[in-house]
Structures are given as structure tokens and as C-alpha cells.
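# Observations on the model geometry
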Amino acid sequence: MSEIIISEYLNTPVVTAFIGNKMEYLSFVRDNELGNIYVAKVDHIVKNINAAFVRYDKDKTGYLPLKNITGACVINRKFTSDDTLKNGDDVIVQVESEAVKTKKTKLTTNLSVSDNYVAVTLGKYGVGSSIKLSDDIRTFLSDKIKEDYENIMDAYHEKLSGATAGIIIRTQASEIDEEKAFNVIEDSFKSCLDELAKILSDGRNRTTYSCIHRSDNGSTAQHIENAEAFLKVRGESDYSVIEDTGIHGIRSAIDDLKHRKVWLKSGAYIIIEQLESFNAIDVNTGKAIKGKDDIAFKVNLEAVNEIFRQIRLRNLTGMILIDFINMDDDEKYEELIHKVKAFCKYEQVHTCFIDVTGLGIMELTRNKNDKTLKEILKDVEKAVDNSIHQ
């Protein structure tokens, strides 16, 4: 039986999920701006990086890529597809990623809202679905929504100020009774469109720097819901939600995630390096018995499980380069790649296998959805230091 455990780390609430007495999911419950939507003002345009620096709070600026600006979000003037942003423009923006070190907050005009079953994004077009859904369910739901998609978009054309909106059917849609699925998904789609229409309307009537939509990312309930979705994707439907009693050693498990070296059961180990522009992971045989048949292949397969666990728990994003132990058998290397691709498919954060370089380095990319664990722990430790010295 799996468990979702609500605990604390240095006075900060955390939600973890354990499968077979091993921590597989970790999230810190903290205030953040991810997903918040603001009425902002363009400070200045920087042409050489094709972006605008936008003030979304009196004391906060972020950068907004100039490509694919949603015209409905420019609220001080009529904005056509041929237009570009100008200094002083008022624009509705959503926080796409938080500021980290010298990097400013990344903003977007592709405003996105969601519920349990769908995610709807302004400025996009068409119907998609989670790759974690089975092929039959994905095809059935997508085809049904596609039949009415154009009619729904026509009905909302004026409310969305001429903007389109794309829909992604989420993994949880698989839990809806098949006979009711289409109506539930369609209702969810329309509800999200209504919410986007309200955000656009509110933006035109609120003062600059107003927050017109606050994300639910910071609530414990939302983190528990995310942990439940994580378990369900992995076929873990029998789970309990409990308060931490101390027997799981959650604090020490989190402290272990600060270390570069991670030992595997076989005696092999992996080294994880978080660098400025990419993440590097190196697999080593270590104490594994080198004379054992197919040791490289077996260690590599074992390492895949732990590598994806570490990527998830440390929230490594961007480019991830993995140096597996060299193997001469092409067939076994293909089997290794197949396993990596399978693990990518079941990650909640979009993770993609890219290629294997000429030097045998496997390359993955993982979408940035939040700060890395390393960055979050720095924030948590800084908050503790500040409270001590107040």
C-alpha cells in the first residue's frame, strides 16, 4: 500500500508520496507566483533577445518573449497579428517560471487555466490529450471534442476578444464514466473558457500591477491532489493520506538529495552534477561485481529507475545529459533507450528523450515547472536564518 505523507522540513510543509517504503514524490508547500496573472506594463523592448521587460508588480519585472503575443492580452490598444509590443503597452501576463539567481521571472500572454479534467490555453489552437491516457481513451475523447471544437470557439469568439484557445485533456479524465465523459469534458472546457473570458474582462477594468488571478499552487490540498495524480498514473490506487509520525525518515531522505553521489543496490553508483546550463548524470559500476555477466547492461537498467527518481525529486529541468556505462551490444542499447522512453512517458512534468550523441551521451529535456529542489532548499534555509535573527 502506498502512502501520501504530510510532513515538515525546517518548518516548511512538505507533501511526499511513498511507494514500497521509498519516497518517490516530493513537493514543498510554499507561496509562489507560478500561474498568477497580472495587469502589467511594458518597461522597454530589448530587440537583440527579442523580448520585452515587463513590470507586473511595482517592485517586480519579468521578461516576455515577443514571439506569439496573444492580441487579446494587449489591453490599451487594438493589437493585430502584424503588430509588435511597444514601450508603455498595458498587457495581461501570466507567470510561467519564477526568477532564479540572475534570471528574471518569465512571463507569457498564453494564459492558461485548468481543472481536474482539462487545461485550456489562450492563443493556442486545437485539441490534444495527455500521453499518459491509454490510446483508446485518448482517441475517443479527443475525437468527440474535435467534433464540437469549432462551434465552441465560434460561440466564445467575442468573449475572448477574437483569441483562440487550445484544450489538453488531462490524465484524470480516464476516471470519468465513459457514457458521461464527453459531456463532462465539454463542460470543463466551457468552464475554463468562461474563466479566461472573465480574466480578460477583469484585466480591462483593473489598475496596472493588479493580480487578477491567483493560482492554487500554494495550498496543501493542491499538493496532495498532485501526489494522488502521481500515484494513480503509476497504477497505485490503494493509498492513504497521513500525517508524518517520524518513522519514514523524511528529513534525512530530503537531506540525502543534497548529495552528488547516489548508491544503487548492486553497489554501483551515479553522480549528479547540477550546472548552470545543463545537468550531468554519470553511471559507474562502483562496487558491482565486474566479472558478472552483462554487468554494464544490468547496472544501466538499474540506474534508469534511480535516475528518474532523482530527476523527479530534485526537479532537474532543462537539458539532462546521462553518461551510461559503455555497451558494445547495439540491441541492448536499444533496450536501454526503450526503457528510458517509457519512463519519460510517465513523468508528470513533460520529459522528452532527444538523442544519443556521437560520444554515447544520452540527452533528455524536461520542462521547467518550478525551482529545482536545490534552489527551494536555499530559500527554505534562508527563511529559517532570517527568522532566527529577527
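This part covers the confidence of the model for the protein chain. In the predicted model, the protein chain carries a mean pLDDT of 91, and 97% of its residues have values of at least 70. When mean pLDDT is compared element by element in the protein chain, strand β16 (residues 269-274) scores highest at 97, while helix α7 (residues 373-388) scores lowest at 80.

With that out of the way, let us pick up the side chain of Asn300. Relative to the assigned elements, Asn300 resides in helix α5 (residues 295-314). Residue contacts for Asn300: discarding those within four places in its chain leaves Val283, Phe324, Ile325, Met327 and Leu336.

Now for the sheet that holds strand β3 (residues 22-28). Read across the open sheet, the 4 strands follow the order β3-β2-β1-β14; overall the sheet is mixed. Both outer strands of the open sheet, β3 and β14 (239-243), are each paired with one neighbouring strand and no more. Here the average twist between neighbouring strands, direction ignored, is 25°. Judged from the 6 bridges that link them, strand β2 (residues 12-19) and β3 form a sheet pairing that is antiparallel. By the bridge assignment, Thr16 is partnered in β3 with Leu26. Helix-sheet contacts for helix α3 (residues 220-233) involve β1 (2-9), β2, β3 and β14, and the interaxial angle to β2 is about 15°.

The terminal C-alpha atoms of helix α2 (residues 178-205), which comprises 28 residues, lie 41 Å apart, in line with the 40 Å expected from a rise of 1.5 Å per residue. The set of residues buried in α2 consists of Ala181, Ile185, Glu186, Ser188, Phe189, Cys192, Leu193, Leu196, Ala197, Ile199, Leu200 and Gly203.

Next up on the list: the pattern of salt bridges. Summed over all chains, the structure comprises 22 salt bridges. Note that Asp194 is salt-bridged to Lys159, the shortest N-O span being 3.9 Å. Here Lys159 lies in the loop between α1 (135-155) and β12 (165-169) and Asp194 lies in helix α2, a separation of 35 residues in the sequence. Accessibility expressed as a relative area gives 49% for Lys159, which makes it partly exposed. Here Lys332 makes a salt bridge to Asp294, at a shortest N to O gap of 2.7 Å. Taken together, the positions of Lys332 in helix α6 (residues 330-345) and Asp294 in the loop between β17 (279-284) and α5 put the pair 38 residues apart, joining distant regions of the chain. By relative accessible area, Asp294 is classed as partly exposed at 39%. Residues joined by salt bridges that share partners form a network here, namely Glu24, Arg234, Arg312 and Glu347.

The mixed open sheet is built from 6 strands, whose spatial order is β15-β16-β17-β18-β20-β19. At either margin of the open sheet sits one strand with a lone partner, and together these are β15 (261-263) and β19 (351-356). Neighbour-to-neighbour, the strand axes of this sheet turn through a mean angle of 20°, independent of strand direction. In this fold α6 packs onto β19 and β20 (362-366), with an angle of close to 160° to the strand it touches most, β19.

Take the pairing of β2 next. With 6 of 8 residues buried, β2 is to be regarded as a mostly interior element. Pairing of β1 with β2, which is carried by 7 bridges, proceeds in the antiparallel orientation. When the bridges of β2 are listed, Ile4 appears paired with Ala17. In sequence, β1 turns back onto β2 through a hairpin of 2 residues, with Leu10 there showing a positive phi of about 50°. Count of turn residues in the β2/β3 antiparallel hairpin: 2 residues, of which Gly20 carries a positive phi of about 60°.

Conventions used here
Residues numbered from 1 in each chain as written. Predicted model: local features only at pLDDT ≥ 70, side-chain atom pairs only at ≥ 80, totals over all residues. Heavy atoms only, no water. pLDDT = per-residue confidence, 0-100. Helix = DSSP H or I, 4+ residues; strand = E, 2+ residues; numbered from the N terminus. Contact = heavy atoms within 4.5 Å. Pairing = 2+ DSSP bridges. Axes fitted to C-alpha atoms, helices over the stretch in contact; angles between N-to-C directions. Expected span 1.5 Å × (residues − 1). Buried < 20%, exposed > 50% of the residue type's maximum accessible area, 1.4 Å probe, protein only. Salt bridge = Lys/Arg side-chain N within 4 Å of Asp/Glu carboxyl O.

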